[in-house]
Amino acid sequence: MAVEAGTRQEERVAGRVWTVRLDPHGRPSAGAVKLSCSRPACAEQRVPGGAAAGRKAAIGHVNTHLARIHEGGGPRGAAWCACRAADCAWHTPDLTVGRRGGANPAAGAVRCGGPVVLTVYADRAGRLWRIAEMCARCAAATPDCRVLDTAPPVPRTAPAGAGQALGEPDMQPGPAVGTVGEGAATVFSDCASSLATDATSAAGPAVLPRARTGSPAQASRRAKRWGKIAQRTVPHDLEPDVLRLELVELGDAFRAYQQRPEPDLVLLAHLHERKARAFALWADVSGDGSLRHEAKRAEKAAQTTREMHANRGGQVAGDTVSGDGPVVERLLTRQQAVHARTVLDYVAAHARRPEAEVRLAMLMLTLRAARAGTGNITGQDLTGWLQDDAERVLQHLVADRWLRLPGTVAEVMASRSEDPTAITVPTLLPERPRPFGFGKTTRARISGWAQKVVGDRKLRKKKLGATARLLALYTAAHTRPDGRLGRPEDGGLLLDQVATFAALAPGQVAEHAELLVAADWLTEADTAGGRLRGQLTERVLPLSGLL
């Protein structure tokens, strides 16, 4: 039987790989590149016109190979994983066992699996393209790798008794690990049932495993369905049983998702949410801290996926200027807009002085130092925010001990972009409880958003002061997708909250809102009934933060 298994293993063919490269050709001034392909039948090409022309030619060459592959039947289900043949070097940092602890992986510890897929990889520099037949798990772990087609499963037609040498999926607690290429008997949880059905129909009763004697507990273990999720085998005796079934089904669902021709971010977010709940319960049952860590990762993945769906490609789905108008590209995602409103509320609650100029400076400096309590500013930043009041306001903040400077206020005002001044906001230092939970990318995005609002060209042209700019920030952060202020059920923004943030009396809001209308920031403004109602103009819709 072992000889027969070895024969079946040798029948598998190596996964095919096509590599297309762009390299400089001749002198740099010539502006030509060399296109080469790893297939012997493809001759080198000299492409004039620089890197852009070379990339276009390389993509055309890759598409030619892809067309021929599809004409030839697509990926081969019996092929070895080409990534495995390269010692999984295409994605080793992502699948190395024990990488967080610094331990080297044991031999064979890299886990391949799943059906054979046809993939195309393009490096970010635009110099290398690779077409390969590889397993679905390696494809999912390889950055910038796109799955184009999936090979049909290879039916098992082994003679009677061969199952004992190759291993039946229904008689094992889990699939073999790190054994891609060990014959067609390597079965994973996403295709175990279908392959078992194919084998039974093709070979008849002869392929069924022979009867074995054993205890009732062993029989119960064999009867339970096994599965894998996140490279973990679900224990056959995991209790409660509903948790075991949920983990098995989730593993199948994630593998099925990887085989989809097009992404469905709503479905993926739902799967991550289910995984977070299941792993949290699994951690409670087993006491394994790594499972709880995996649950938290799944929660973050679900949140990120929802943000991607809400703002895919820099656009908010379903968000239009009018009913049939163009899609608006927003500077902030919905979640980033939530964080922006958190910063606005924090500054309003912790303002040291009632002046609008001080509040505006506190807001902008808080955004610079939100993550670590430190940040960089220049004199040009300050004068852009506060015009002639910058030096006076800075002195107030230093005197109140809200801000620490490495030198004098005059030195800060004289600093330039090539030599900015490092500031410290003590209330935001890491040793204190942090008021904000967003990352550095979100901090930079919100800070850039506020800079664009405060520095809006029409607000500067109208020479509007700090009060009007605070009002512009507040209105931009509290809009619906169509640009109207406040949530639909609220009928506008509460006048008291707007006035508190902008350092105004409620009766003064209407006057400053009219200034924003004159500056083409709002199309209209109405303060009747204790609420500010209005709509952002089309030109500033990209700066709006969706409620």
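Above this note sits the structure.
Residues numbered from 1 in each chain as written. Predicted model: local features only at pLDDT ≥ 70, side-chain atom pairs only at ≥ 80, totals over all residues. Heavy atoms only, no water.

So, on to the overall build of the chain. For the chain, the helix and strand inventory stands at 21 helices and 15 strands. Taken across its 547 residues, the chain has 43% of its residues classed as buried. The long-range fraction of contacts in the chain, counting pairs at least 24 apart against all pairs at least 6 apart in sequence, stands at 63%. Split by element, the accessible area of the chain, about 27300 Å² in all, is 51% carbon and sulfur. (Helix = DSSP H or I, 4+ residues; strand = E, 2+ residues; numbered from the N terminus. Buried < 20%, exposed > 50% of the residue type's maximum accessible area, 1.4 Å probe, protein only. Contact = heavy atoms within 4.5 Å. Areas by Shrake-Rupley, 256 points an atom, 1.4 Å probe, with all protein chains shown as cover.)

All right, on to the sheet that holds strand β14 (residues 522-526) then. Taken together, 3 strands build an open sheet; the order of strands is β13-β15-β14 and the sheet is antiparallel. Each edge of the open sheet carries a strand with a single partner, namely β13 (493-494) and β14. Here β13 pairs with strand β15 (residues 531-536) via 2 bridges, running antiparallel. When the sheet's bridge partners are listed, L494 is paired in β15 with R531. (Pairing = 2+ DSSP bridges.)

Moving on, we get to the pattern of salt bridges. Enumeration over the complete set of coordinates arrives at 20 salt bridges. Put simply, D264 and R260 hold a salt bridge, and the shortest N to O gap is 3.9 Å. In this structure D264 comes out as partly exposed when scored by relative accessible area, which is 27%. Overall, the relative accessible area of 38% leaves R260 in the partly exposed class. A salt bridge links K275 to E294, with the nearest nitrogen and oxygen atoms 2.9 Å apart. In this pair, K275 sits in helix α10 (residues 265-286) while E294 sits in helix α11 (residues 289-310), placing the two residues 19 residues apart along the sequence. In terms of burial, K275 and E294 fall into one category: buried. The structure contains a network of salt bridges with shared partners spanning D456, K458, D520 and R539. (Salt bridge = Lys/Arg side-chain N within 4 Å of Asp/Glu carboxyl O.)

This part is about the state of the cysteines. Evaluation of the coordinates by the stated rule reveals 0 disulfides. As a non-bridged cysteine, C83 has C138 as the owner of its nearest cysteine sulfur, 3.9 Å distant. The class of C83 is buried, set by a relative accessible area of 0%. Lacking any disulfide linkage, C135 is separated from the closest cysteine sulfur, that of C138, by 3.4 Å. Among the residues examined, C135 registers a relative accessible area of 3% and is labelled buried. (Disulfide = S-S within 2.5 Å.)

How two helices pack is summed up by the angle between their axes together with the distance between the axes. For the pair helix α13 (residues 356-369) and helix α14 (residues 379-386), the least separation of the axes is 10 Å and the interaxial angle reads 140°. Here α13 is positioned oblique relative to α14, judged by the angle of their axes. For the crossing formed where α13 meets α14, the hand is right-handed. When α13 is examined against α14, the residues E357, L360, A361, M364, L365 and R368 are found in contact with a partner set consisting of D381, W385 and L386. (Axes fitted to C-alpha atoms, helices over the stretch in contact; angles between N-to-C directions. Parallel < 35°, antiparallel > 145°, perpendicular 65-115°, else oblique. Left-handed = near helix turned anticlockwise from the far one by under 90°.)

With that out of the way, let us pick up the packing of aromatic side chains. Summed over the entire model, instances satisfying the criterion amount to 4 aromatic pairs. With 5.1 Å between their ring centres and 75° between their planes, Y346 and F436 make a pair best called edge-to-face. One end of the pair, Y346, is in helix α12 (residues 334-349); the other, F436, is in the loop between β12 (421-424) and α17 (440-454), with 90 residues separating them in the sequence. An identical accessibility class is assigned to Y346 and F436; each is buried. Summarising the aromatic geometry, the rings of Y474 and F501 are spaced 5.3 Å apart at their centres and angled 35° between planes, so their arrangement reads as tilted. (Phe/Tyr/Trp six-rings, centres within 6.5 Å; stacked < 30°, edge-to-face > 60°.)

The subject of this paragraph is the nonpolar core. Residues L397, L403, W449, L473, L516, W521 and L532 are the most contacted members of the largest nonpolar core, which totals 72 residues. Sorting elements by how many residues they give to this core places α13 first, with 10 residues. L247, Y257, L265 and F279 belong to the second-largest nonpolar core, a separate cluster that totals 18 residues. (Core = buried A, V, L, I, M, F, W, Y, C linked by side-chain atoms within 4.5 Å.)

A word on unusual backbone geometry. Backbone torsion omega between E239 and P240 reads 0°, so that peptide bond is classified as cis. Checked against the element boundaries, P240 lands in the loop between β8 (232-233) and α9 (241-258). Phi at Q231 takes a positive value of approximately 60°, unusual for a residue other than glycine. Here Q231 shows up in the loop between β7 (228-229) and β8.

Strand direction decides the pairing type here: β14 and β15, joined by 4 bridges, are antiparallel. If you follow D526 over to β15, its bridge partner there is R533.

Next up on the list: helix α2 (residues 50-71). Taking 1.5 Å as the rise per residue, α2 with 22 residues should run 32 Å; its terminal C-alpha atoms sit 32 Å apart, in good agreement. Tucked inside the fold, the buried residues of α2 contact β1 (17-25), β2 (32-37), β3 (45-48), β4 (116-122), β5 (128-135) and β6 (145-150). One or two residues past the end of α2 sits G73, with phi positive at roughly 110°. (Expected span 1.5 Å × (residues − 1).)

What follows is about the environment of R277. By the element assignment, R277 lies in helix α10. A relative accessible area of 53% places R277 in the exposed class. Sequence spacing of R277 and E299 is 22 residues, and the spatial spacing of their C-alpha atoms is 8.6 Å.

Along the chain, R127 falls in the loop between β4 and β5. According to the relative accessible area criterion, R127 is exposed, its value standing at 54%. As a C-alpha pair, R127 and R55 span 72 residues in sequence and 7.5 Å in three-dimensional space. Apart from the residues within four sequence positions on either side, R127 is in contact with V20, R21 and L22.

Geometry only, nothing functional implied.
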